[in-house]
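Chains, contacts and geometry: an overview
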Amino acid sequence: MLAYFGPQGTFTEQAARAFSAADPAHDDLVPFDTVPAALAAARRGEVDAACVPVENSVEGAVPATMDALTEGDPLVAVAETVLDVRFSVLVRPGAGEPKTIASHPHALAQVRHWIAENLPTATAVATTSTAAAARAVLAGEFDAAVSAPVAVRHYPLEVLATDVADVRDAKTRFLLLRRPGPLPRPTGHDRTSVVVTATDRIGALSDLLAELALRRINLTRIESRPTKGRLGEYRFYIDLDGHAAEPGVGDALAALRRHCPDTRFLGSYPKAEPVLRAEAGARAEPGGSPAADEFVAAAEWVASLREGLGA
Ligand SMILES: O=C(O)C(=O)Cc1ccccc1
């Protein structure tokens with residue numbers, strides 16, 4: 001069973017369907033009304049995994065996901081998928097000009113200009129998800145919903161507009177998370193996610209990032225969120241190229257953990273996007289990502305020194 005951030009008809013449901021198509025073990029999809037609720041079901045073991053949105057190319061990180069990943073028992077990502085995001089505007093059949101338009105904050109942020117131009121008198125209202133907005137329109141609470149195109153299959157609403165987006169080619173990345181267990185096998189095109197808390201001192205963050213740079217590990221994303229403990233104290237969410245099973249990445253994770261004892265591992269999993277030629281080239285070049293062999297050979301050399309077998 002796979003939990004997803006629902007209700008039925010969210011973008012996250014589409015992402016969950018992509019995960020379940022790739023792995024027949026996930027054929028039973030269960031909607032939860034919030035990201036923390038979907039993750040809590042995975043933590044309790046009620047479902048095998050949970051699918052949640054993590055970031056959007058226009059609006060950035062999904063704060064509910066970031067917070068829910070660091071609060072509570074650990075969960076690790078085992079897969080990611082990226083969806084194109086285009087919106088439909090749904091209304092009750094025969095309704096007049098909408099005075100209120102509801103959606104998930106990430107959706108509203110991506111159609112702000114469209115609303116200003118096409119429904120200038122409408123007030124935007126935030127709902128928990130795009131599909132919750134469609135439901136609320138059906139219930140008469142709001143006049144229009146900014147929804148995923150599939151929502152109209154679940155809710156008997158009329159399509160006022162399709163393909164609505166202020167920014168073309170917007171994409172959202174989703175993670176499939178489960179309780180810690182064996183890691184997915186390295187594919188050579190993986191991502192590792194980790195959360196660290198940098199202490200309040202000069203160079204703290206730079207020291208952490210230096211551990212990656214020293215090992216020629218590419219940082220693909222860094223986001224900060226307050227720890228909620230003290231003003232000025234932050235958690236850093238770091239995505240990097242490579243898999244924890246690779247010696248260089250393992251070495252870097254150990255170094256981060258030395259700097260920051262509450263480092264939380266959020267998984268190593270195959271990257272969704274295709275390998276770009278430039279990236280493939282960079283990996284092969286000297287100074288690109290670390291050659292695993294170099295790390296293994298160096299570790300074996302030290303092991304031989306310790307045993308008095310080398311110099
Ligand atoms: O509300 C949804 O449908 C979601 O899955 C979250 C979301 C919102 C806006 C863009 C992409 C995902």
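Reading guide: rules and limits
Residues numbered from 1 in each chain as written. Predicted model: local features only at pLDDT ≥ 70, side-chain atom pairs only at ≥ 80, totals over all residues. Heavy atoms only, no water. UniProt positions renumbered as here; feature names shortened; annotations may be inferred. Near = heavy atom within 4 Å. Polar contact = N/O pair within 3.5 Å; in protein donor to acceptor, adjacent residues only side chain to side chain. Areas by Shrake-Rupley, 256 points an atom, 1.4 Å probe, with all protein chains shown as cover. Helix = DSSP H or I, 4+ residues; strand = E, 2+ residues; numbered from the N terminus. Salt bridge = Lys/Arg side-chain N within 4 Å of Asp/Glu carboxyl O. 1 Å grid on protein atoms, 1.4 Å probe; cavity = no way out; pocket = protein on both sides within 12 Å on 5 of 7 lines; lining within 4 Å. Points joined across faces, edges and corners; volume = space filled by probe spheres on them. Nonpolar A, V, L, I, M, F, W, Y, C, P; charged D, E, K, R; others polar. Domains from an automatic or database assignment.

- As recorded in an unreviewed UniProt entry, the protein goes by the name Prephenate dehydratase, listed as coming from Saccharothrix espanaensis.
- You can read under Catalytic activity (unreviewed entry) in the UniProt record for the protein the words "prephenate + H(+) = 3-phenylpyruvate + CO2 + H2O".
- For the record of the protein, the UniProt heading Pathway (unreviewed entry) holds the text "Amino-acid biosynthesis; L-phenylalanine biosynthesis; phenylpyruvate from prephenate: step 1/1."

**What about the site of the ligand?**
- Residues in close proximity to the ligand include Phe-5, Thr-10, Phe-11, Thr-12, His-104, His-106, Ala-107, Ser-129, Thr-130 and Thr-172, which together make up its full environment.
- Within the contact set of the ligand, an oxygen atom lies 2.9 Å away from a backbone nitrogen or oxygen of Phe-11.
- The side chain of Thr-130 places a nitrogen or oxygen atom 2.4 Å from an oxygen atom of the ligand.
- Protein chains shield 99% of the accessible area of the ligand, which is 320 Å² for the free molecule.
- Secondary-structure elements contributing two or more residues to the shell around the ligand are α1 (11-22) and α4 (105-110).

**Looking at the pattern of salt bridges**
- A full pass over the atoms with the stated rule returns 20 salt bridges.
- The partner of Asp-251 in a salt bridge is Arg-215, and the shortest N-O contact between them spans 3.3 Å. Of this pair, Asp-251 sits in helix α9 (residues 247-259) while Arg-215 sits in the loop between α8 (204-214) and β13 (219-226); the two residues are 36 residues apart in sequence, bridging distant segments of the chain.
- If you follow the salt bridges from partner to partner, you end up with Glu-55, Glu-80, Arg-173, Arg-191, Arg-221, Glu-223 and Asp-239 in one network.

**Focus on empty space enclosed by the protein**
- The tally for this structure, following the rule as stated, stands at 2 cavities of 30 Å³ or more.
- When its volume is computed, the largest cavity comes out at roughly 210 Å³.
- Along the walls of the largest cavity sit 17 residues, with Phe-11, Pro-53, His-104, His-106 and Thr-172 positioned nearest its centre.
- For the lining of the largest cavity, the elements supplying multiple residues, two or more each, are α1, β3 (49-56), α4 and β11 (171-178).
- Residue composition of the lining of the largest cavity, grouped by class: 8 nonpolar, 9 polar and no charged.
- Val-54, Leu-69, Arg-221, Asp-239 and Leu-266 are, among the 14 residues lining the second largest cavity, the residues nearest its centre.
- Grouping the constituent residues of the lining of the second largest cavity by class yields 9 nonpolar, 2 polar and 3 charged.
- Both domains that furnish three or more residues to the lining of the second largest cavity are identified here as domain 1 (1-84 + 169-181) and domain 3 (194-311).

**What to know about the layout of surface pockets**
- Roughly 260 Å³ of volume is contained in the largest pocket.
- Forming the boundary of the largest pocket are 14 residues, of which Asp-23, His-26, Val-78, Ala-79 and Leu-176 lie nearest the centre.
- Taken together, the elements giving at least two residues each to the lining of the largest pocket come down to α1, β5 (76-84) and β11.
- No other element matches β5, which puts 4 residues into the lining of the largest pocket.
- Class assignment for the residues of the lining of the largest pocket results in 9 nonpolar, 2 polar and 3 charged.

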